[in-house]
Amino acid sequence: MNNNIKKYIPEMIMLCGLPASGKSTYAKTFQKMGYNIHSSDEIRKELLGDVNAQDNNSYVFEVLHKRIKKDLSNNISCVYDATNLNMKKRNAFLNELKKIHCIKKCILFAIPLEVCKERNNHRERKMPDEVFDKMMKSFWIPMKYEGWDIIEVHTIPNYRYDYPISLTYNFDQKNSHHSMTLFDHMLQTAKYICKNADEKFKNTERYRNLIWAAHNHDIGKVVTQTFINAKGEQTEEAHYYGHDNAGAYLYLLSELYSNSFDPIFLDNIFYRSALINWHMRPYISWNISKKAMERDKKLLGDQMFCDVMKLHEADRAAH
């Protein structure tokens, strides 16, 4: 027996992105390489007779997961084709794979919302625009702490993306918790971090990532402002449900489509986007449940948890 022959390790590729971001088309390239494609839409059509049926999603994904695990257990590489925007659900599935030896790879399709909506208009099966808006507000950027071996990002070559930072300059937050314009609030958040950081910390990549995240942490408010509360009631004050998730997506796009983008800084860009993703967690979860805080701290690690808390402290101070 030749000991130099390496045992084949199957690969599980999870595609992550908004509808009409190009995931299914891209999946076909792997099909030509012998990968099995497991699509939530196709399984929904197979089991429920209608690709639009949403009343039995748990069953659809139970079947999808079983098929993927069966393939991997039989050394067959496969592609998981669904939106996969929710970190909690991604993490839960990766935990199901812990006993299966495989390479876990995530490919994020970072495609501007307006492009996805335009593509959707030319599809036979069209989705309402509000579905896209809702999905962007549930976006969590994939990170290595979820359990990925490899994370890649797919973009549109030579696309010009207009980051809506100019909309923040005179943006009235119309909320009693904020007296500043949106731009000034983000600026003061960054200044607070700068003022309270020691010189040694200022020479680190962590500090620069924190400053960038602070300068952009509430950018999602420009696309999520509503005067309807969670109960469906009209209010005088504005609400910004999901602005942290939408903001992480908008900031990610701004960096990836920048003329000065350099792939060498991709990890930093993902880290900053993740800080924006997490910046509301101390408000809506950690101050309510110590158990939730400890669970998230274990996931993030001490360093990133500390950075989220620094951003949270600065955010509160800048109100």
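Refer to the structure presented above.
Description of the structure in this document. Keep in mind that this is a model prediction, so the values were computed, not measured.

Another point: helix α3 (residues 57-73). The end-to-end C-alpha distance of α3 is 24 Å, a good match for the 24 Å that 17 residues give at a rise of 1.5 Å each. Taken as a whole, α3 has its buried residues at Val 60, Val 63, Leu 64, His 65, Ile 68, Asp 71 and Leu 72. Of the surrounding elements, those touching the buried residues of α3 are β1 (11-16), β2 (36-39), α2 (40-48), β3 (78-81) and α4 (87-96). A positive backbone phi angle near 60° is found at Asn 75, which sits one or two residues after α3.

This brings us to the packing of aromatic side chains. A complete count under the given rule lists 13 aromatic pairs for this structure. With centroids separated by 5.7 Å and ring planes inclined at 70°, the aromatic side chains of Tyr 26 and Phe 30 adopt a geometry described as edge-to-face. Here the residue Tyr 26 and the residue Phe 30 both occupy positions in helix α1 (residues 23-31), the gap between them amounting to four residues, near one helical turn. By relative accessible area, which is 26% here, Tyr 26 ends up partly exposed. An aromatic cluster is defined as three or more aromatic residues linked by ring pairs; in this entry it consists of Tyr 26, Phe 30, Tyr 35 and Phe 109. Directly above the aromatic system of Tyr 240 lies the positively charged group of Lys 221, at a separation of 5.0 Å from the ring centroid. The residue whose ring lies beneath Lys 310 is Phe 201, and the NZ or CZ to ring-centre distance is 5.2 Å.

Before going further, it helps to examine the sheet that holds β2. The sheet built from five strands is open, its strands ordered β2-β3-β1-β4-β5 with parallel pairing. Strands with a single pairing partner mark the edges of an open sheet, and in this sheet they are β2 and β5 (150-154). Sheet twist, expressed as the mean angle between neighbouring strand axes with direction ignored, is 20°. Both β1 and strand β4 (residues 103-109) contribute to a ladder of six bridges, which runs parallel. Following the sheet pairing, Cys 16 is matched in β4 by Leu 108. Together, β1, β3 and β4 form the strand contacts of α4, whose direction differs from that of β1 by roughly 170°.

The biggest cluster of nonpolar side chains holds 81 residues, and the ones touching the most others in it are Met 12, Leu 252, Trp 278 and Met 304. When sequence neighbours within four positions are dropped, the list of residues in contact with Met 304 reads Tyr 145, Tyr 271, Ala 274, Leu 275 and Trp 278.

Relative orientation of the contacting elements helix α7 (residues 182-196) and helix α15 (residues 302-317) amounts to 125°, with a least axis distance of 8 Å. On the basis of the axis angle, α7 is oblique to α15. As for the relative orientation of α7 and α15, their crossing is right-handed in sense. Together, His 185, Thr 189, Tyr 192 and Ile 193 of α7 and Lys 310, Leu 311, Glu 313, Ala 314, Asp 315 and Ala 317 of α15 make up the contact between the two elements.

Close approach of charged atoms allows side chains of opposite charge to pair. For the structure on display, the rule yields 17 salt bridges. The partner of Lys 66 in a salt bridge is Glu 62, with the nearest N and O atoms 3.4 Å apart. Here Lys 66 pairs with Glu 62, and both are found in helix α3, just four residues apart, close to one helical turn. Glu 62 gets classed as partly exposed once you look at its relative accessible area, which sits at 42%. Residue Arg 160 pairs with Asp 162 through a salt bridge whose shortest N-O separation is 3.8 Å. Judged on exposure class, the residue Arg 160 and its partner Asp 162 are both exposed. Salt bridges sharing partners connect three or more residues here, namely Asp 41, Arg 44 and Arg 125.

Cut-offs and rules
- Here the residue numbering is sequential within each chain, running from 1 through the sequence in written order.
- With the structure being a predicted model, the display of local features is reserved for residues of pLDDT at least 70 and the display and counting of side-chain atom pairs for 80 or more, all residues being used for whole-chain, interface and lining totals.
- Here the side-chain values reflect all heavy atoms present in the structure, with hydrogen atoms and water set aside.
- Runs of H or I in DSSP of at least four residues are treated as helices and runs of E of at least two as strands, each being numbered from the N terminus.
- The length a helix should cover is 1.5 Å for every residue beyond the first.
- Buried means the residue's accessible area, taken with a 1.4 Å probe over protein chains only, is under 20% of the maximum for its type, while exposed means over 50%, and partly exposed covers the values in between.
- By definition, residues are in contact when any of their heavy atoms lie within 4.5 Å.
- Here is the rule: rings of Phe, Tyr and Trp (six-membered ring for Trp) pair when centre to centre is within 6.5 Å. Planes less than 30 degrees apart are stacked, more than 60 are edge-to-face, and the remainder are tilted.
- Two conditions define a charge located above a ring, namely a distance within 6 Å from the ring centre to NZ of Lys or CZ of Arg, and an angle within 35 degrees of the ring normal.
- In this analysis, strands are considered paired if DSSP registers two or more bridges between them.
- In this analysis, axes come from line fits to C-alpha atoms, helices being fitted only over the stretch in contact, and the angle between any two N-to-C directions falls in the range 0 to 180 degrees.
- We call a set of buried Ala, Val, Leu, Ile, Met, Phe, Trp, Tyr and Cys residues a nonpolar core when their side-chain atoms join them within 4.5 Å.
- Note on angle classes: values under 35 degrees are labelled roughly parallel, values over 145 roughly antiparallel, values of 65 to 115 roughly perpendicular, and the remainder oblique.
- Take the far helix as the reference: if the near one is turned anticlockwise from it by less than a right angle, the crossing is left-handed, and if turned clockwise, right-handed.
- Salt bridges, as used here, are contacts in which a Lys or Arg side-chain nitrogen is within 4 Å of a carboxyl oxygen on Asp or Glu.

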